[in-house]
Amino acid sequence: MRNERKYKVITLLTGLLVLLLLANAVRESPRMAAAEYRQHEEYVLKGARTYAENCATCHGPRGEGVIGMPLNRKEYQVDWTTPAGKEIYRKLTEAIRQGRAGNADHYQWVKVGDKWISYTAMPAWGKDYGGPLDEDYIHALALFIMKPDGTQWSLVGNSEIAPFPATGLEEYTGRYDQIPLPDSEDTEVNDAAKALLRDVARSQCLTCHTIGTVGGKIGPDLTRVGSWGVDQAFLEEWIKFANVGQPGEEHPEAMPHDRRMPVYWSAHRAVSGPELNLENPVVSEGPYYMTRFYGKLTDEEISILARYLMGLK
């Protein structure tokens with residue numbers, strides 16, 4: 001009888017233990033999911049800061065692509081734990097870590113008809129390849145780019161979350177006429193262009209672009225833009241009409257979507273043959289961050305700026 005009672009007690013205690021374990025498992029699953037979500041969001045924020053500091057200047061502050069390919073693309077916005085997401089994650093982290101070679105025979109951009117193809121090189125960012133980023137930062141960048149809802153791009157440039165680097169213009173507040181600027185090979189426009197650029201509030205170029213030793217890190221560094229391969233006509237049109245598609249903004253003379261910079265990125269940029277590969281075009285789908293200056297600067301002023309920039313090599 002005593003043994004029977006003992007077995008009943010043991011059975012009861014065992015049952016209670018099983019129930020406690022099951023209850024704990026039921027509670028633990030949501031806790032783990034919440035912890036994983038928080039960790040993922042923390043990586044996205046870390047990726048946003050890293051992107052603002054290092055990547056926006058080539059890929060655009062909204063991932064729209066400028067001299068680097070667009071990253072704000074639906075095919076990248078995938079759960080990174082799915083089979084398709086794992087493959088995209090692998091490609092992104094590999095490109096960030098190792099960089100991608102350009103094409104020596106087609107340096108930077110080449111015009112094909114009225115479109116541009118880019119062979120711009122991407123530097124290696126991984127520490128194992130001479131770059132500044134460890135694996136944790138590379139992981140954060142990939143998770144940032146791949147965030148499925150696409151809302152992460154609004155974080156870039158947020159002064160509290162993911163600020164852009166300082167411009168260096170703060171040193172010249174009140175004496176913008178002393179901002180150092182490089183000389184253009186087009187000596188006829190040097191003085192006029194520099195005066196316009198130093199009028200920071202009006203031309204606004206240096207608030208987003210570096211030219212020489214000062215300027216913003218939002219848009220591409222223009223110190224050697226004359227060696228990119230673009231022509232003056234394109235630069236003038238770009239300065240006038242770059243920002244197309246913002247809500248409430250329409251203009252019949254806006255730059256056509258398929259001529260915005262650039263339309264194609266070569267899938268085989270490391271090859272050195274003379275043939276241009278126009279397969280798999282990658283076109284930026286969203287409006288550009290850069291404002292258009294049609295109506296803000298005169299045609300003559302835009303021409304002066306374009307001539308100056310074309311002479312920076």
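Summary of the structure given here. Computed from a predicted model, the values in this text were never measured in an experiment.

### Re the sheet that holds strand 5 (residues 264-265)
Line of reasoning, step 1. Spatially, the three strands line up as an open sheet ordered 1-2-5, and their pairing is mixed. Of all the strands in the sheet, just strand 1 (109-112) and strand 5 have a single pairing partner and so form its edges.
Line of reasoning, step 2. Bridging between strand 2 (residues 115-118) and strand 5 involves two bridges; their strand directions are parallel. Bridge pairing in strand 5 places Ile117 opposite Tyr264.

### A closer look at the side chain of Lys240
Line of reasoning, step 1. Summarising the element assignment, Lys240 is placed in helix 8 (residues 232-241).
Line of reasoning, step 2. Relative accessible area serves as the criterion here: at 18%, Lys240 is assigned to the buried category.
Line of reasoning, step 3. With near-sequence residues (within four places) excluded, Lys240 lies in contact with Arg292, Phe293, Tyr294, Asp299 and Ile302.

### Examining the side chain of Glu64
Line of reasoning, step 1. Relative to the helices and strands, Glu64 is located in the loop between helix 2 (56-59) and helix 3 (83-98).
Line of reasoning, step 2. An unpaired buried charge is present at Glu64: no salt bridge exists, and Arg62, the closest side chain of opposite charge, is 6.8 Å distant.
Line of reasoning, step 3. A polar contact of 3.2 Å, which involves the side chain of Glu64, links it to the backbone nitrogen of Tyr289.

### Considerations on the packing of aromatic side chains
Line of reasoning, step 1. All told, the structure shown has ten aromatic pairs when counted by the stated rule.
Line of reasoning, step 2. With a centroid separation of 5.0 Å and an interplanar angle of 40°, the aromatic rings of Trp80 and Tyr89 are classed as tilted.
Line of reasoning, step 3. Where Trp109 meets Trp116, the ring centres are 6.1 Å apart and the plane angle is 55°; that geometry is what we call tilted. An identical accessibility class is assigned to Trp109 and Trp116; each is buried.
Line of reasoning, step 4. Aromatic ring contacts, followed pair by pair, group Trp109, Trp116, Trp228, Phe234 and Trp238 into a single cluster.
Line of reasoning, step 5. We note Lys46 situated over the ring of Tyr137; from NZ or CZ to the ring centre the distance is 4.2 Å.
Line of reasoning, step 6. Its guanidinium or amino end placed over the ring of Tyr76, Arg73 lies 4.5 Å from that ring's centre, counting from NZ or CZ.

### A closer look at the pattern of salt bridges
Side chains that carry opposite charge are capable of pairing whenever their charged atoms lie near each other.
Line of reasoning, step 1. Counted by the stated rule, this structure contains twelve salt bridges.
Line of reasoning, step 2. Note that Lys46 is salt-bridged to Asp136, the shortest N-O span being 2.5 Å. Within this pair, whereas Lys46 is found in helix 1 (residues 2-54), its partner Asp136 is found in helix 4 (residues 135-146), the two being separated by 90 residues in sequence.
Line of reasoning, step 3. Linking Asp183 and Lys194 is a salt bridge whose minimum nitrogen-to-oxygen distance equals 2.4 Å. In this pair, Asp183 is assigned in the loop between helix 4 and helix 5 (190-198) and Lys194 in helix 5, connecting sequence segments eleven residues apart.
Line of reasoning, step 4. Taken together, the shared-partner salt bridges in this structure form one network comprising Glu87, Arg90 and Glu94.

### With respect to the packing of helix 3 against helix 4
Line of reasoning, step 1. At a minimum axis separation of 9 Å, helix 3 and helix 4 run at an interaxial angle of 130°. Between helix 3 and helix 4, the interaxial angle falls into the category oblique. Considering the relative orientation of helix 3 and helix 4, their crossing is right-handed. Here helix 3 contributes Gly85, Ile88, Tyr89, Leu92, Thr93, Ile96 and Arg97 to the contact with helix 4, which in turn contributes Glu135, Ile138, His139, Leu141, Ala142, Leu143, Ile145 and Met146.
Line of reasoning, step 2. Looking at the contact of helix 3 with helix 4, its residues break down into ten nonpolar, three polar and two charged.

The rules behind the values
- Residues numbered from 1 in each chain as written.
- Predicted model: local features only at pLDDT ≥ 70, side-chain atom pairs only at ≥ 80, totals over all residues.
- Heavy atoms only, no water.
- Pairing = 2+ DSSP bridges.
- Helix = DSSP H or I, 4+ residues; strand = E, 2+ residues; numbered from the N terminus.
- Buried < 20%, exposed > 50% of the residue type's maximum accessible area, 1.4 Å probe, protein only.
- Contact = heavy atoms within 4.5 Å.
- Lys, Arg positive; Asp, Glu negative; His and termini not counted.
- Salt bridge = Lys/Arg side-chain N within 4 Å of Asp/Glu carboxyl O.
- Polar contact = N/O pair within 3.5 Å; in protein donor to acceptor, adjacent residues only side chain to side chain.
- Phe/Tyr/Trp six-rings, centres within 6.5 Å; stacked < 30°, edge-to-face > 60°.
- Lys NZ or Arg CZ within 6 Å of the ring centre and 35° of its normal.
- Axes fitted to C-alpha atoms, helices over the stretch in contact; angles between N-to-C directions.
- Parallel < 35°, antiparallel > 145°, perpendicular 65-115°, else oblique.
- Left-handed = near helix turned anticlockwise from the far one by under 90°.
- Nonpolar A, V, L, I, M, F, W, Y, C, P; charged D, E, K, R; others polar.

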